[in-house]
Amino acid sequence: MAGDVVTMAHGGGGTRMQDLLRDMIFPALGGQTLDAAEDAAILELPPGTLAFTTDSFVVKPLFFSGGDIGKLAVCGTVNDLAMVGARPLYLTLGLILEEGLPLDDLERVLASVAGAARDASVKVVAGDTKVVERGKADGVYINTAGVGVIPAGVEVSITRVTPGDALLINGYIGDHGIAVLKDRGDFAFDVALDSDCAPLAGLVSDMLGAGRVHALRDPTRGGLAAALKEMSSCSAVSLEVDEPAVPLREEVRAICEVLGLDPLYVANEGKLLAAVAPEDAAAVLEAMKAHLLGRNAAVIGAAGAGKPGRVSLTGEMGSSRLLRMPSGEQLPRIC
Amino acid sequence: MCLAIPAIVIELDEPNLAVIEIGGVRKQVSLMLVDDVVVGDYVLVHAGFAIDKVDEAEAQKTMDLLQELARLEQEAGFDEIH
Amino acid sequence: MRYIDEFRVPAAARELLREIDALDAHGTFMEVCGTHTMAISRAGLRPLLAPGIDLISGPGCPVCVTADADIDRAIAVARKPGVILTTFGDMMKVPGTEDSLASASASGARVRVVYSPLESLAIAAEEPGSQVVFLGVGFETTAPAVAGTMLEARRQGIDNLRVLSFHKLVPPALRALVGLDDFDVDGFILPGHVSVIIGSDAYAFLPVEFSMPCVVTGFEVTDILQAILRLLKMGASEASLEVEYARAVRPEGNPRALEVMSQVFESCDAQWRGLFTIPGSGLAIREEFAAMDAGTWEVELPEPTRSKGCRCGEILCGRIKPMDCPFFGGRCTPDNPVGPCMVSSEGTCASYYLYSESDGPDERGEGADIGR
């Protein structure tokens, strides 16, 4: 199908759409429970509490170093489930395609959805495809829903951070935002850097097995700064972060210096911020470091009994400053 | 009022352009505002332009001073402990 | 990162703080440059200094001092059919009289954020049917880059690049400031990167005519602390001009950059937001480049209004601190700035707000942004 593109007929419900489903979507997501015959997926759920989330994905460019919109959609949804301690089980996949999208691109996105779903041990069980006129979308938009089950005894909540809890992160921050910025090409820089886009449910499972994890949050848009502020507000605790302890790649630090960005506000797609009971921090850190997605994990601070919503950063000089909620998108600056 | 970052010139391109590198990041900048740049020079980069060369001898003087200050601080800390 | 990390030596900074303490001196110093204000706030330097030492912030953020009328003009130009306005990210959220570039962009104006003015040139080449207008703001550090871009457009025969020149010059502004009756500071911490271009000699009048101690310094904490130490040791009686940032600044500056700048621009009077009109403190596009000047376009501008109660003018002159303004952190925040000092992240108020050392009246207990 090289050279072919998505046309309005692909979304029309007729034969072209059947062809697309039969020739591309089902084979790509083959082995999943996706079943064309029924109008809804019929699922068995293991015992536990149901976790249910939805998310929409728009990214420019569609393909970036270390991932693409398909992988992003699966990881983003799986990670939202993992952040409440759920084992992700099923996803839906809603595709909004722009007329003129090369079918090869669609095939790549679908392959990457399938690969990410396999890695995350989830099944894509229902889907939908619509086509919009050229110029009305950026290639592909994806909407997902995700279902998972929280096993009995697991209690992870953004409201459960307790003064004294250790704050842990599973590795370098800012990789995703910078990798996408680079591939968008707007500010013409080059660096060997991949997005950190990854499904975190396996890592979370190992962490839960190692000690009492009170709260988890994935620092996506708004970066680590937004995650810290949300955790602090929702749990009504203060947080104290040791800024030099936050893992940061040289490359990300360098481009942030050049463009005048603050890496604490740059997006991640494979990171989690965890609040862990202090006695268990060492064990959880060890479990994280043993996992591929946590090799560079670090303790970056602790929760305190100060004013709720207050996040302070202590710098190298030992002086501290308050962290603010990000206000909108960060733009490169000259000043 | 103005961010400018020191970066090493790793390649000269025509006309009057250079590729600089900092911390593994590469970027093309204009050399229009500086004379006699050669590969290996450090330049200050602002808004896509090299605005001047870093005077490495002067930089070394300040770096030596900072090392000396750090040494003094450590000695003072040592005195306080004992 | 070479020539950055070697200057970030916490032990040296602690030693400098100790030496400053040991002098047992006091003084009020103005850091003229907004990037210095940012560095000081980010490092949390103010509370570490001895109580007698006060750092106040000057008018050194080019974004903040761009007049409302100039922002209005940029917005009006951006709204013209067939125009693409390119701007540094800093300018997007700056409010004019009624709108900002961000809101103009949301309502259909074509506005593109660039890191370098050279990117405007590439956009102009890709969009021959559009007029690409670069919004030129900045001090002497930035103006040569804009001038260079204009020369390059001419060389490449790209004839759809235009520039709005709202550039500002630092020495005339300092002369105006020190000439104010109630201006009361004991020394200037002078901008490092403006000085790369204009050279330290450009400030020679400050110690000579006004007995004002001055140190040109870099942007690392150790640079700023060395400047403070030198200013304290100097004192008004032996006011002089010293250069701590010798790794980047020469007495004569960068003659090549100055030449490029003066090929394209000539000085003119300019309105500084929050302050007043300062003679010879702006840069106008020379007659020879008039065809590239978007400043002469006919546009409709809103009636200027002035926000009552905003005290940015006094903050820019160093008379009061941000916390002394009744709007600070309440009506005036980075999300919703009232005055110029809050509009750029390096504005005095914004940097106090973003990196404040105490909760102050502004600490919002934000609720969580559920989901993503």
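Values in this document were obtained by computation on a predicted structure and should not be read as measured data.

A. View of the overall build of chain A. In terms of regular secondary structure, chain A is built from eight helices and 14 strands. The globule rule puts the C-alpha radius of gyration for 335 residues at 20 Å, and the 21 Å found for chain A is close to it. The principal-axis extent of the C-alpha atoms belonging to chain A is close to 65 × 55 × 30 Å. Expressed as a percentage of contacts within chain A between residues at least 6 apart in sequence, the contacts between residues at least 24 apart total 85%.

B. Inspection of the sheet that holds strand 6 (residues 140-150) of chain A at higher detail. Residue and element names in this part refer to chain A. One open sheet accounts for four strands, arranged 1-6-4-5; its pairing is mixed. Each of the sheet's edge strands pairs with one partner strand only, and the pair in question is strand 1 (49-57) and strand 5 (123-132). Adjacent strand axes in the sheet meet at a mean angle of 10°, parallel and antiparallel pairs treated alike. Bridge analysis of strand 4 (residues 87-98) against strand 6 gives ten bridges, and the strand direction is antiparallel. Along strand 6, the bridge assignment pairs Arg87 with Val149.

C. Fine view of the interface of chain A and chain C. On the side of chain C, 40 residues touch chain A, which itself brings 31 residues to the contact. Residue assignment for the side of chain A that touches chain C shows that the elements contributing at least two residues are helix 6 (223-235), helix 7 (250-259) and strand 14 (320-322) of chain A. Residue composition of the side of chain A that touches chain C, by class: 14 nonpolar, seven polar and ten charged.

D. Region of the structure containing the pairing of strand 4 (residues 110-114) of chain C. Residues and elements named next belong to chain C. Bridge analysis of strand 3 (residues 83-88) against strand 4 gives five bridges, and the strand direction is parallel. Residue pairing for strand 4: Leu85 is matched across the bridge by Val111. Following the chain from strand 3 across helix 4 (residues 101-106) to the adjacent parallel strand 4, one finds a crossover that is right-handed.

E. Here's a closer look at the packing of helix 1 (residues 15-28) of chain A against helix 3 (residues 103-119) of chain A. Residue and element names in this part refer to chain A. At a closest axis distance of 8 Å, the pairing of helix 1 and helix 3 adopts a crossing angle of 30°. As far as their axial angle goes, helix 3 and helix 1 are roughly parallel. Listed contacts from helix 3 to Met24, Ile25 and Ala28 of helix 1 are Leu106, Glu107, Leu110, Ala111 and Ala114. Here the residues of the contact of helix 1 with helix 3 sort into seven nonpolar, no polar and one charged.

F. Geometry of the sheet that holds strand 4 of chain C. All names here are of chain C. Strand order across the open sheet formed by four strands is 4-3-5-6, with parallel pairing between neighbours. Since the sheet does not close on itself, it has two edges, and those belong to strand 4 and strand 6 (161-165), each with one partner. For this sheet, the mean inter-axis angle between neighbouring strands, taken without regard to orientation, is 25°. Pairing geometry for strand 5 (residues 131-136) and strand 6, over five bridges, is parallel. Across the sheet, Val132 pairs through a bridge with Leu161, a residue of strand 6. Helix 5 (residues 117-126) rests against strand 3, strand 4, strand 5 and strand 6 of the sheet, and its axis sits at about 175° to strand 5.

G. The pairing of strand 12 (residues 298-304) of chain A, seen in detail. Residues and elements named next belong to chain A. Sheet topology places strand 7 (residues 166-169) next to strand 12; four bridges connect them, and they run antiparallel. Its bridge partner being in strand 12, Ala166 is matched across the sheet by Ala302. Note: strand 10 (residues 238-242) against strand 12, four bridges, orientation antiparallel. Paired with Leu239 across the strands is Ala303, a residue of strand 12.

H. How the structure looks around the domain arrangement of chain A. Residue and element names in this part refer to chain A. When its domains are assigned, chain A resolves into domain 1 (8-150) and domain 2 (166-322). Just the C-alpha atoms count here: the centres of domain 1 and domain 2 sit 27 Å apart. With 23 residues of domain 1 at the interface, the matching set in domain 2 holds 20 residues. Of all the elements in the fold, those that place two or more residues in the side of domain 1 that touches domain 2 are helix 2 (69-82), strand 4 and helix 3. By residue number, the principal contributor to the side of domain 1 that touches domain 2 is helix 2, which donates nine residues. Tallied by class, the residues present in the side of domain 1 that touches domain 2 amount to 13 nonpolar, six polar and four charged.

I. View of the confidence of the model for chain C. All names here are of chain C. Of the residues in chain C, 94% have a pLDDT of 70 or more, and the chain-wide mean is 90. Taken as a whole, residues 359-372 scores under 50 in pLDDT and shows 28 contacts with residues more than four places along the chain or in a different chain. Interface scoring of the predicted complex returns ipTM 0.94; its pTM is 0.92.

J. Structural detail: the nonpolar core. One finds A:Val113, A:Leu168 and B:Ala50 to be the most contacted residues of the largest nonpolar core, which totals 269 residues. The two domains that each donate at least three residues to this core are domain 1 (8-150) and domain 2 (166-322) of chain A. Sequence-distant contacts of A:Leu168, that is, excluding residues within four places in its chain, are made with A:Ala274, A:Val276, A:Ala281, A:Val284, A:Leu285, A:Met288, A:Ala297, A:Ala298, A:Val299 and A:Ile300.

K. Spotlight on helix 3 (residues 68-78) of chain C. Residues and elements named next belong to chain C. With ten of eleven residues buried, helix 3 is to be regarded as a mostly interior element. Residues of helix 3 that are buried: Asp68, Asp70, Ile71, Asp72, Arg73, Ala74, Ile75, Ala76, Val77 and Ala78. Among the structural elements, strand 3, helix 4, strand 4, strand 5 and strand 6 are those in contact with the buried residues of helix 3.

L. Looking closely at unusual backbone geometry. Looking along the chain, the bond that leaves A:Lys60 and enters A:Pro61 is cis, with omega of 0°. Residue B:Pro15 is reached from B:Glu14 by a cis peptide bond, and omega for that bond is -15°. Mapped onto the elements of the fold, B:Pro15 is located in the loop between strand 1 (5-13) and strand 2 (17-22). The phi angle at A:Ala236 is positive, at roughly 50°, despite the residue not being glycine. Take A:Ala236: there are 14 C-beta atoms within 10 Å of it, and that puts it in the partly exposed class. For C:Asp24, which is not a glycine, the phi torsion comes out positive at approximately 50°. Relative to the elements of secondary structure, C:Asp24 occurs in the loop between helix 1 (10-23) and strand 1 (27-33).

M. A look at the interface of chain C and chain B. Each side of the interface is counted separately: chain C has 43 residues, and chain B has 34 residues. Top element by residues in the side of chain C that touches chain B is helix 1 of chain C. It accounts for six residues. The residue makeup of the side of chain C that touches chain B, split by class, is 25 nonpolar, eleven polar and seven charged.

N. Up close: the packing of helix 5 of chain C against helix 6 (residues 143-156) of chain C. All names here are of chain C. Remark: helix 5 packs on helix 6, axes separated minimally by 8 Å, with the N-to-C direction vectors making an angle of 25°. By the angle between their directions, the pair helix 5 and helix 6 is classed as roughly parallel. As helix 5 packs across helix 6, the resulting crossing turns out to be right-handed. Between helix 5, through Pro117, Leu118, Ser120 and Leu121, and helix 6, the contact on the second element is made entirely by Ala145, Val146, Thr149, Glu152 and Ala153. Of the residues belonging to the contact of helix 5 with helix 6, the class tally is six nonpolar, two polar and one charged.

O. The environment of C:Gly60, seen in detail. With respect to the helices, strands and loops of the structure, C:Gly60 is situated in strand 2 (residues 53-60). Owing to 31 C-beta atoms within 10 Å, C:Gly60 belongs among the buried residues under this scheme.

P. A look at the environment of A:Leu331. Relative to the elements of secondary structure, A:Leu331 occurs in the segment after strand 14. Given 19 C-beta atoms within a 10 Å radius, A:Leu331 is considered partly exposed. Taking the C-alpha atoms as reference, A:Leu331 lies 38 Å from A:Ala28; in sequence the two are 303 residues apart. Discounting residues that sit within four places of it in the chain, A:Leu331 has contacts with C:Gly89, C:Met92 and C:Val113.

Analysis parameters
- Residues numbered from 1 in each chain as written.
- Chains lettered and ligands numbered in written order.
- Predicted model: local features only at pLDDT ≥ 70, side-chain atom pairs only at ≥ 80, totals over all residues.
- Helix = DSSP H or I, 4+ residues; strand = E, 2+ residues; numbered from the N terminus.
- Rg over C-alpha atoms; globule rule 2.2 N^0.38 Å.
- Contact = placed C-beta atoms within 7 Å.
- Pairing = 2+ DSSP bridges.
- Axes fitted to C-alpha atoms, helices over the stretch in contact; angles between N-to-C directions.
- Nonpolar A, V, L, I, M, F, W, Y, C, P; charged D, E, K, R; others polar.
- Right-handed = clockwise from strand over helix to strand, strands pointing away.
- Parallel < 35°, antiparallel > 145°, perpendicular 65-115°, else oblique.
- Domains from an automatic or database assignment.
- pLDDT = per-residue confidence, 0-100.
- Core = buried A, V, L, I, M, F, W, Y, C linked by C-beta atoms within 7 Å.
- Buried ≥ 20, exposed ≤ 12 C-beta atoms within 10 Å, placed from the backbone.
- Left-handed = near helix turned anticlockwise from the far one by under 90°.

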